[in-house]
Structure formats: structure tokens, C-alpha cells
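Now for the letters of each chain:
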Amino acid sequence: MGGVVKRAYKYRFYPSVEQAGQLNRTFGCVRKVYNRALEARTRAWVVDRQRTTYVQSSGWLTEWKRTQELAFLNEVSSVPLQQTLRHLQAGFAAFWDKRARYPRFKSKRKSRASAEYTRSAFRWRDGQLTLAKMNGPLNIVWSRPLPEGAQPSTVTVSRDAAGRWFVSILVEDPTVKPLPSVDAEVGVDAGITSLLTLSRPIPGISDEEGKVANPRYGQADRRKLAKAQRDLARKQKDSNNRAKTRLTVARIHARIADRRRDHLHKLTTRLVRENQTVVIEDLSVRNMLRNRRLARVISDAAWSQFRAMLEYKAAWYGREGIPVDRWLPSSKTCSVCGRINTTLTLNVRTWTCPGCGAGHDRDINAAKNILAAGLAER
């Protein structure tokens, strides 16, 4: 990738009571506008078979603000409301292109509470960020510095289920540059017992066989999470105690997600830095999650998140990420002679090729075949 890339820097911040109230109102208005526009666009398609556009939905927003019922929309910045209409338009575009499902309504309890501000709706001055409709800057914990001279183009404010506030600042980052070329190449086989198996051992990443241990962060906190969820189930609906216990459950989930994300970031960064080409399997994780026996451990492994991180980092640093066909019989094919062992079952972890007599570890053999297939598709 050449030129300057856009990169989002995420920080935690602590709003004042007034700022939290304003942001909560903004989140509610964003959700209201999104759901109302989705309902209107759906009705237009079902009744009249007409596709509506962002321009039409923007006109609806102007009309809604003039009504007594939705006059409260004028109390928040108009930019996040316009941005949510653009997000809805992007969702419909993905649906018509058959890249995503039909857009769904936002839920107050389940959907992510967020609002996006463009350059006209915030002030960036002397390292302080002030959003529209607010008198003072946000109290941001600057855990890492922004690039020298960075000017934010978009700011996204969010609140997670654990009650934590975050601000994501999008800037042009000139520090992201292609790395010097290396000769190393690696194939990656995703698994459950081992999180990943590499076609060759990499010191500091895998063991001597090329296997990366699965930390299983969800399993580590499963007992604590189960107890908190039982406590939540016993609380009376809409009570203060239920709200407190729900927050406890959300904090455990957040701890698991944070640890998993941190581990995947470190792992993908090392893989991209030390290999010119990384070949992975094109897994259909959504379909695999339908297996009730394996859904929990598959979710805990976060294969989709791993692949997404690997792909964008490869693009950033001038590396090559190659996905191979998910139907490739990588585990059953001998990486030495190419013979396919059709009798191999899932519970067999080591096997001997009946053709050439080579002994194989199932996962390491698969990683080698994935690498070979990816290099052949260049």
C-alpha cells in the first residue's frame, strides 16, 4: 500500500454529568432516526417497489424535526443524525450487492450506542477535543500519542455495555509504511486445541512444532461469568439490583473481549512483520457456529477477527495475505506426495500416508498444504 493511510486511534474518556447526558440523548436520537428511516424505506419498497436514497431520507429528517412528536431531534447535533442515514444507505447498498443481510432495526439494549461526528461537528485545538453542543472538551485518557501534526477527520463516540466511554479518532497516519521485504512465507491453519498451526515454527510465536497455544480467554472466566448470569436471572425485572448485576456480567464479557483482542493484535502483528506472504484458509465461520457442540470454542477462538486484523495489517505494511478455498482437503492431503487420504476422520490427529509412508501431524500437514495452495494461486 502506498501513500498515507487513514487510521483510527481509540481512547477511553470520562464525560462529565452534562456531557454524558448530552451523549446519551444523541445516542437515542441516532437510534430513533435510523429505525424510522429504515421503516420508511422498507415500506416504500414493500408497497411501491421503490428504492429510496440517502437524499430522500435526509429530506424526511428535515420534515421529522418540524413535527411536535420528533422536535427533540433539534436538541442534539444534526451531524450524527445525517451520518446514521449514510450508514443506513451503505447497509442497503451492501444488501443490493448481496454482500450483507437486509438492514436490521437498532435495539436500545442490544445495539452498540455510538455517534459519528465529522469535521464540522467538533473542534480540535491544542490537543483537546470538543464536540458540538458541548461547552468543554472531553476528558480523554491519552494512552498513546496521535501522529505528529495529525488533524482528525472523523470522531466516533461510543459507550459499551459495561458503561465505558470511548472515542475513536480517525486521522491520516504517515507512520504506517511498507516494511522491508523478507523471504519468509507461512501457511496458517486455524484450530481449536491449538489456536493456530503454522507451516514452519516461528520463535516467539509458536512452539517447536509450529503450534500457537489457544489461551481460551472465555473458558478462563466461564465460572465467574456463569455465577454472574445466574445472579442476573434471579433479579426482578427493571429493578436496580438487576441493572447492577447486568453491569457485572457486561464487565466480565468486556474483560474477555479485551484480552482476546490484545492477544490477536500481538499475534497478527508478529506474523505480518516476519513473513512476506501469509496464507490462510477461507473459513465460513458463520456456518460453523451452527454446530452447537463447537459454537462456544469457535467463538472464543475469534477466527474472523484474526483474519480481519491480518488482512488490513498486510495491506498496511506491504505484505501479501492470500486466502485459499475452504473446500481444500488440506488435512487429508499428504504434503509430501499429494495423495488424498479419504479414510481420514476428524478424531485422527496423526497419520501415515499409505502412498509414500510419510508421517504427519494433522494440523502441521494442513498448514503446509495451505501454504502450497496459496503460493500456487499467485
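Treat the numbers as computed from the prediction; the structure is a model and nothing was measured.

Across the sheet, which stays open at both edges, the five strands sit in the order β10-β9-β8-β11-β12 with mixed pairing between neighbours. For this open sheet the edge positions go to β10 (211–213) and β12 (320–324), each flanked by a neighbour on one side alone. Each strand axis lies, on average, 25° off the axis of its neighbour in the sheet, ignoring direction. When strand β8 (residues 185–190) meets strand β9 (residues 194–198), the two strands line up antiparallel, connected through three bridges. In the strand pairing of β9, aspartate 189 is matched with threonine 197. Its contacts with the sheet place helix α9 (residues 303–316) against β8, β9, β11 (277–281) and β12, and it is angled at close to 155° to β11.

This part is about the nonpolar core. Judged by nonpolar contacts, the single largest core of 42 residues is most densely connected at Leu23, Leu129, Leu131, Val157 and Val167. Among the elements that line this core, the one with the most residues is helix α1 (residues 17–48), at nine residues. In this structure, Val212, Leu271, Ile298 and Met309 belong to the second largest nonpolar core, which totals 26 residues.

All right, on to the sheet that holds strand β7 (residues 165–173) then. If you walk across this open sheet you meet the five strands as β2-β6-β7-β1-β5, and the pairing is antiparallel. Here the strands that pair on one side only, and so sit at the sheet edges, are β2 (113–118) and β5 (140–141). Here α1 sits on the sheet and contacts β1 (5–13), β2, β6 (154–159) and β7; the angle it forms with β2, its principal contact strand, is near 95°.

With that settled, the discussion passes to the packing of aromatic side chains. By the definition in use, this model includes ten aromatic pairs. Both rings, one in phenylalanine 27 and one in tryptophan 165, keep their centres 5.9 Å apart while their planes meet at 25°; by these two values the pair is stacked. With a gap of 138 residues between them, phenylalanine 27 in helix α1 and tryptophan 165 in strand β7 connect regions that are remote in the sequence. Judged by its relative accessible area of 4%, phenylalanine 27 is buried. Taking the relative accessible area as the measure of exposure, tryptophan 165 reaches 10% and is therefore buried.

Moving on to the confidence of the model for the protein. For the protein, per-residue confidence averages 93 on the pLDDT scale, and residues scoring 70 or more make up 99% of the total. Considering each helix and strand of the protein separately, the mean pLDDT is smallest for helix α7 (residues 285–288), with a value of 86, and largest for β6, with 98.

Taken N-terminus to C-terminus, the directions of helix α2 (residues 54–65) and helix α3 (residues 78–96) make an angle of 145°; their axes are 10 Å apart at the nearest point. Judged by the twist between their axes, the crossing of α2 over α3 is right-handed. Facing Tyr54, Ser57, Ser58, Leu61 and Lys65 of α2, the residues of α3 in contact are Ser78, Leu81, Gln82, Leu85, Arg86 and Gln89. Across the contact of α2 with α3, the residue classes break down as four nonpolar, five polar and two charged.

Another aspect to go through is a positive patch on the surface. Side chains of Lys108, Arg109, Lys237, Arg242 and Arg246 sit close together on the surface and give a patch of like positive charge. Along the chain, the position of lysine 237 falls in the loop between α5 (222–234) and α6 (240–274).

All right, on to the environment of serine 299 then. Structurally, the position occupied by serine 299 is in helix α8 (residues 295–301). Accessibility expressed as a relative area gives 40% for serine 299, which makes it partly exposed. Discounting chain neighbours no more than four positions away, the residues touching serine 299 are Arg260 and Leu289.

Here the focus is α9. The first and last C-alpha atoms of α9 sit 20 Å apart over 14 residues, in line with the 20 Å expected at 1.5 Å per residue. Where α9 is concerned, the buried positions are Trp303, Phe306, Met309, Leu310, Lys313, Ala314 and Trp316. Mapping the buried residues of α9 onto a view down its axis gives an arc of 155°, with all of them on the same face.

Next up on the list: the environment of phenylalanine 306. Structurally, the position occupied by phenylalanine 306 is in helix α9. By relative accessible area, phenylalanine 306 is classed as buried at 7%. When sequence neighbours within four positions are dropped, the list of residues in contact with phenylalanine 306 reads Val188, Leu196, Leu264, Leu267, Thr268, Leu271 and Ile280.

Right, let's talk about the pattern of salt bridges for a bit. Scanning the entire structure with this criterion turns up 19 salt bridges. In this structure, lysine 211 and aspartate 361 form a salt bridge, with 3.0 Å as the shortest nitrogen-oxygen distance. Taken together, the residues lysine 211 in strand β10 and aspartate 361 in strand β14 (residues 359–361) connect sequence positions 150 residues apart. Residues glutamate 274 and arginine 270 are paired through a salt bridge, measuring 2.8 Å at the closest nitrogen-oxygen approach. Placement of both glutamate 274 and arginine 270 in helix α6 is noted, with a separation of four residues, approximately one turn of the helix. For glutamate 274, a relative accessible area of 30% translates into the label partly exposed. Arginine 270 gets classed as partly exposed once you look at its relative accessible area, which sits at 31%. Via salt bridges that share partners, Asp160, Arg164, Asp258 and Arg261 belong to a single interconnected network.

About the thresholds
- Residues numbered from 1 in each chain as written.
- Predicted model: local features only at pLDDT ≥ 70, side-chain atom pairs only at ≥ 80, totals over all residues.
- Heavy atoms only, no water.
- Pairing = 2+ DSSP bridges.
- Helix = DSSP H or I, 4+ residues; strand = E, 2+ residues; numbered from the N terminus.
- Axes fitted to C-alpha atoms, helices over the stretch in contact; angles between N-to-C directions.
- Contact = heavy atoms within 4.5 Å.
- Core = buried A, V, L, I, M, F, W, Y, C linked by side-chain atoms within 4.5 Å.
- Buried < 20%, exposed > 50% of the residue type's maximum accessible area, 1.4 Å probe, protein only.
- Phe/Tyr/Trp six-rings, centres within 6.5 Å; stacked < 30°, edge-to-face > 60°.
- pLDDT = per-residue confidence, 0-100.
- Left-handed = near helix turned anticlockwise from the far one by under 90°.
- Nonpolar A, V, L, I, M, F, W, Y, C, P; charged D, E, K, R; others polar.
- Patch = residues over 30% accessible without salt bridge, like charges linked within 9 Å, V, L, I, M, F, W, Y side chains within 5 Å.
- Areas by Shrake-Rupley, 256 points an atom, 1.4 Å probe, with all protein chains shown as cover.
- Salt bridge = Lys/Arg side-chain N within 4 Å of Asp/Glu carboxyl O.
- Lys, Arg positive; Asp, Glu negative; His and termini not counted.
- Charge placed at Lys NZ, Arg CZ, Asp CG, Glu CD.
- Expected span 1.5 Å × (residues − 1).
- Arc of directions from axis to C-beta.

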